[in-house]
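Chain and residue survey
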Amino acid sequence: MYAWPASEVPALPGRGRDLRIHDTATGGTLTLDPGPVARIYVCGITPYDATHMGHAATYNAFDLVQRVWLDTKRQVHYVQNVTDIDDPLLERAVANGDDWTALAERETTLFREDMTALRMLPPRHYIGAVEAIPGIVPLVERLRDAGAAYELEGDIYFSVESDPSFGGVSGLDAEAMRLLSAERGGDPDRPGKKNPLDPMLWLAARPGEPSWDGGSLGRGRPGWHIECVAIALDHLGMGFDIQGGGSDLAFPHHEMGASHAQVLTGERPFAKAYVHAGMVALDGEKMSKSKGNLVFVSALRRDGVDPAAIRLALLAHHYREDWEWTDGVLQEAQERLARWRAAVSRPDGPPADALLDEIRTALANDLDAPAALAAVDRWASAQASEGGTDEGAPGLVSRAVDALLGVAL
């Protein structure tokens, strides 16, 4: 599966700082030193309703991660999946009278267009769950043959008790896990399971639903968590630097994925840091497909909103913060964009070397984009009120904002 075209990242003088980032598993901040190639896996969309502002906020966060690492002169090996076969996709296709493959392709195409417009740097590998099935089947067979999985009425479940470190990503107790499992695609109340939290590895073929040859597993389709594990192990290996996604993925998705991988390989950890973006709300409730309270990037673009303003609206909130989308948030971003563009359009300005350092420092400190925006605001204010004599300053500011924040001025 192809991703989307990359926007050019301008070169900046000097070198950025190593990234310090909040790790959900430890509850603290880690300084990551990835070596010459930084490795990151970010969970992608289930393509039945893309791209809402919650999606955009999540991928904006991990785009900043890429930009910080690139500024340290590292290469970035970024992998993202597409969950292009799953119950919600099939249910939406039935409700709309649509073919599920056509729905998935249409929404994935729209997602690519939105990511391009927002100047999100693309992954090196963009992998659909369907195309990963040939690599998933052997992993499920290995887990079953090792006694870490079992069959229930033709379905294959992973035994969470096979991983002594299960629970180490989310830090939740059993009751909290059970409640979230029921909310987020699990089936804790199914009779016959060894543990209510055991997740599906392979769903046996159901009448009227798509299925694939699973070898000794029989026809069926993979569970959600093992899809990402197979893709990440294939392209990144164990111990990659960041596993990322929205905060609603810490449990069960990232918890289960870590256990799958650790039992498969006998190694720990699956990822060095588990990084989660906050939720975006509308009208007081988390923006979600099930509630239908969504603001779409594509709709804003159709209404003539500059994608750079959308990006600035996202950047105005710390990536771990839960926040609410309002017309005022967008208006503030549009006004900021106009101020910045006016400031860099002048032939000279106040010196900007210190500003570049401020942006780098803010982003290296757990992706503190609001602090970076405030620094640019101060420079733009000084430019508007006092001006300056540094002919290179406006160009440096423009390049820095583009390279580090992904905003074209």
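Right above here is the structure, for reference.
Quantities reported herein were computed from a predicted structural model and do not represent experimental measurements.

On to the overall build of the protein. Along the backbone of the protein there are 13 helices and 14 strands. Scaling as 2.2 N^0.38, a compact globule of 409 residues should have a C-alpha radius of gyration of about 22 Å, and the protein matches this with 22 Å. Based on the C-alpha atoms only, the size of the protein along its principal axes is roughly 75 × 45 × 35 Å. Of all intrachain contacts in the protein linking residues separated by at least 6 positions in sequence, the fraction that spans at least 24 positions is 79%. Averaging the positions of the 38 positive and the 60 negative side-chain charges in the protein gives two centres separated by 3 Å.

On to the environment of Asp87, then. Relative to the helices and strands, Asp87 resides in helix H2 (residues 87-96). Note: C-alpha distance between Asp87 and Gly328 (241 residues apart in sequence) is 36 Å. Only 2.7 Å separates the side chain of Asp87 from the side chain of Arg221, close enough to count as a polar contact.

Here Glu255 lies in helix H7 (residues 250-265). The buried charged residue Glu255 lacks any salt bridge partner; its closest oppositely charged side chain belongs to Arg268, at an N-O distance of 8.2 Å. Here the side chain of Glu255 touches Val169 through a polar contact of 3.2 Å, landing on its backbone nitrogen. Those residues within four positions of Glu255 in sequence are excluded, and the remaining contacts are Ser165, Phe166, Gly167, Gly168, Val169, Ser170, Gly171, Met177 and Ala250.

Pairing in this open sheet of four strands is antiparallel, and the strands run E6-E7-E8-E9 from one edge to the other. Here the strands that pair on one side only, and so sit at the sheet edges, are strand E6 (149-152) and strand E9 (220-222). Adjacent strand axes in the sheet meet at a mean angle of 20°, parallel and antiparallel pairs treated alike.

Another aspect to go through is the environment of Asn195. For Asn195, the position within the fold is in the loop between helix H5 (174-183) and strand E8 (200-204). With a relative accessible area of 14%, Asn195 lands in the buried category. Excluding residues within four positions of it along the chain, Asn195 makes contact with Tyr150, Val160 and Glu161.

Of note, the bond from Ala50 into Thr51 is cis; its omega dihedral lies within 30 degrees of zero at -10°. When you line up the elements, Thr51 lands in the loop between strand E3 (37-42) and helix H1 (53-71). Going from Phe251 to Pro252, the amide bond is cis rather than trans, its omega being 10°. Locating Pro252 in the fold gives a position in helix H7.

In this section: the sheet that holds E3. Ordered by their spatial adjacency, five strands build an open sheet running E5-E4-E3-E10-E11, and the pairing between neighbours is parallel. Edge positions in the sheet fall to strand E5 (125-128) and strand E11 (271-277), since each of these pairs with one other strand and no more. Ignoring strand direction, the axes of neighbouring strands in this sheet form an average angle of 20°. Direction of pairing for E3 relative to strand E10 (residues 240-246): parallel, over a ladder of three bridges. Bridged to Val42 within E10 is Gly244.

Between helix H6 (residues 224-235) and H7, the least distance of the axes is 9 Å, while the angle of their chain directions is 55°. Overall, the two elements H6 and H7 adopt an arrangement that is oblique. The element H6 and its partner H7 pack so that their crossing is right-handed. Seen from H6, the contacting residues are Trp224, His225, Ile226, Cys228, Val229 and Leu233; seen from H7, they are Pro252, His253, Met256, Gly257, His260, Ala261, Leu264 and Thr265.

In this section: the nonpolar core. Of all hydrophobic cores here, the largest spans 79 residues; its most connected members are Met53, Ile242 and Trp325. Top element by residues in this core is H1. It accounts for 10 residues. If you look at the next biggest cluster of nonpolar residues, it comprises 52 residues, including Leu139, Ala148, Ile226 and Phe251.

What follows is about the state of the cysteines. Enumeration according to the criterion identifies zero disulfides in this entry. Counting only cysteine sulfurs, Cys228 is the nearest neighbor of Cys43, a cysteine outside any disulfide, at a range of 4.0 Å. Judged by its relative accessible area of 5%, Cys43 is buried.

Right, let's talk about helix H12 (residues 369-385) for a bit. Counted at 1.5 Å a residue, the expected span for H12 with its 17 residues is 24 Å, and the 24 Å between its end C-alpha atoms agrees. All of the buried residues along H12 are Ala369, Ala372, Leu373, Ala375, Val376, Asp377, Trp379, Ala380 and Gln383. Two residues or fewer past H12, Gly387 is found with a positive phi of approximately 70°.

A few words now on the packing of helix H11 (residues 353-364) against helix H13 (residues 393-405). Contact pair H11 / H13: the axes reach a minimum separation of 10 Å and the direction vectors enclose 10°. It follows from the interaxial angle that H11 and H13 lie roughly parallel. In this structure, H11 contributes Asp353, Leu355, Leu356, Ile359, Arg360 and Leu363 to the contact, and H13 contributes Leu396, Val397, Ala400, Leu404 and Leu405. For the contact of H11 with H13, the class distribution of residues is nine nonpolar, no polar and two charged.

How each quantity is defined
- Residues numbered from 1 in each chain as written.
- Predicted model: local features only at pLDDT ≥ 70, side-chain atom pairs only at ≥ 80, totals over all residues.
- Heavy atoms only, no water.
- Helix = DSSP H or I, 4+ residues; strand = E, 2+ residues; numbered from the N terminus.
- Rg over C-alpha atoms; globule rule 2.2 N^0.38 Å.
- Contact = heavy atoms within 4.5 Å.
- Lys, Arg positive; Asp, Glu negative; His and termini not counted.
- Charge placed at Lys NZ, Arg CZ, Asp CG, Glu CD.
- Polar contact = N/O pair within 3.5 Å; in protein donor to acceptor, adjacent residues only side chain to side chain.
- Buried < 20%, exposed > 50% of the residue type's maximum accessible area, 1.4 Å probe, protein only.
- Salt bridge = Lys/Arg side-chain N within 4 Å of Asp/Glu carboxyl O.
- Pairing = 2+ DSSP bridges.
- Axes fitted to C-alpha atoms, helices over the stretch in contact; angles between N-to-C directions.
- Parallel < 35°, antiparallel > 145°, perpendicular 65-115°, else oblique.
- Left-handed = near helix turned anticlockwise from the far one by under 90°.
- Core = buried A, V, L, I, M, F, W, Y, C linked by side-chain atoms within 4.5 Å.
- Disulfide = S-S within 2.5 Å.
- Expected span 1.5 Å × (residues − 1).
- Nonpolar A, V, L, I, M, F, W, Y, C, P; charged D, E, K, R; others polar.

Interpretation note: all reported values are geometric properties and have no functional meaning in isolation.
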